[in-house]
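# Structural features, examined
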Amino acid sequence: MDWFHAAVLGLVQGLTEFLPVSSSAHLRVFSALAGWQDPGAAFTAVTQLGTETAVLIYFRKDIAAIVSAWVVALFKRERRSDPNARLGWFVILGTLPIGIFGALFQDTIETTLRDLRVIGTTLILFGVILAVADRTRAVRHAKPISELTLPHAIAYGLAQSLALIPGVSRSGGTISAGLLLGYSREAAARYSFLLAIPAVLASGVLELFKIGEGPAPAWGPTILATVIAFVVGYAAIAWFLKYISSHSFMPFVIYRVLLGIVIIGLVTAGVLAPDAGVVPAK
């Protein structure tokens, strides 16, 4: 991967990581359409360290309050009912599903599930689910994040684990779960971002060891892509949270469905191979 390719993919990562459209799908599809080599799951995971750093900075006050309350509650029983302390436990427990499924199906995630037909299908299917979830939220009382319960936290975690499949979208899957469980758009999105922190950081750090493997080390371009993803991702968070405070998710639904149809159409017509850009495993 050269510097230009890395810069473009870093921009794509930053723009799409927090929107319910699947950043991993966009990195895969954009590379295929441009005739570039698939950047792979390792590159995706490492550049997500950039966007996740944006989350850490943007939500620094929330994170500090959660960590502080959680630590205090470990030693003071009377503080265990603190909403922030409970939220800390919910983030930890909600992270378990994606860790377990990621370890069990790592090979499949990095190979079979990167098929463009799979991506096109998941873009459409989970776009429809997001539309149904948003419609369901619109017809009943929306709960704030302070009303989150343990069963709902686990449900969020299971939804997040679906994002291991390119095209599902980490934010799209968890936000859809939150809306179906009755939470407001803002609450669903905020918890989605917080829940992603442990999983994304752990995945990115583990995948760091894979960058640079092969005849052409890719450390430089990958670092550039990660920095760009951070800057663009920070702006995307601010815009997205402001947008959903007064708008529905329907534009994202329409975009997902149309993109999925285009991808499947191009593969069916033979314009793109299902494994376009993928380097065969040795």
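Check the entry above for the structure.
To start, this report covers the structure provided alongside it. Just so it is clear, the model here is predicted, and its values are computed rather than measured. (Residues numbered from 1 in each chain as written. Predicted model: local features only at pLDDT ≥ 70, side-chain atom pairs only at ≥ 80, totals over all residues. Heavy atoms only, no water.)

Further remarks concern the packing of helix α1 (residues 3–16) against helix α2 (residues 23–34). One can describe the packing of α1 onto α2 by two numbers: an axis separation of 9 Å at closest approach and a directional angle of 150°. With respect to their mutual orientation, α1 and α2 come out roughly antiparallel. Once α1 is placed against α2, the crossing between them reads as right-handed. Facing α1, whose interface residues are Val-8, Leu-9, Val-12, Gln-13 and Thr-16, α2 presents Ser-23, His-26, Leu-27, Phe-30 and Ser-31. (Axes fitted to C-alpha atoms, helices over the stretch in contact; angles between N-to-C directions. Helix = DSSP H or I, 4+ residues; strand = E, 2+ residues; numbered from the N terminus. Parallel < 35°, antiparallel > 145°, perpendicular 65-115°, else oblique. Left-handed = near helix turned anticlockwise from the far one by under 90°. Contact = heavy atoms within 4.5 Å.)

Attention shifts here to the nonpolar core. Judged by nonpolar contacts, the single largest core of 37 residues is most densely connected at Tyr-191 and Phe-240. For this core, the leading source of residues is helix α10 (residues 185–207), giving 8 residues. Setting aside residues up to four positions removed in sequence, Phe-240 forms contacts with Phe-18, Leu-19, Pro-20, Ile-175, Ala-189, Phe-193, Phe-249 and Phe-252. Counting 11 residues, the second-largest nonpolar core is a separate cluster that includes Ala-32, Leu-123, Leu-259 and Leu-272. (Core = buried A, V, L, I, M, F, W, Y, C linked by side-chain atoms within 4.5 Å. Buried < 20%, exposed > 50% of the residue type's maximum accessible area, 1.4 Å probe, protein only.)

Turning to the packing of aromatic side chains, a few remarks are in order. Aromatic ring pairs are reported here in terms of the distance separating the ring centres and the angle at which the planes meet. Following the criterion strictly, the structure yields 16 aromatic pairs and no others. Considering the side-chain rings of Phe-101 and Phe-105, the 6.4 Å spacing of their centres and the 20° angle between planes classify their relative orientation as stacked. The class for Phe-105 is partly exposed, based on a relative accessible area of 42%. Taking 4.9 Å as the distance between ring centres and 20° as the angle between the ring planes, the aromatic pair formed by Trp-239 and Tyr-243 counts as stacked. Here the residue Trp-239 and the residue Tyr-243 both occupy positions in helix α11 (residues 219–244), the gap between them amounting to 4 residues, near one helical turn. Residue classification places Trp-239 among the partly exposed residues on the basis of a relative accessible area of 44%. Residue classification places Tyr-243 among the buried residues on the basis of a relative accessible area of 15%. The aromatic ring of Tyr-183 is capped on one face by Lys-143, whose charged end is 4.5 Å from the ring centroid. (Phe/Tyr/Trp six-rings, centres within 6.5 Å; stacked < 30°, edge-to-face > 60°. Lys NZ or Arg CZ within 6 Å of the ring centre and 35° of its normal.)

On their own, these measurements won't tell you what the molecule is for.
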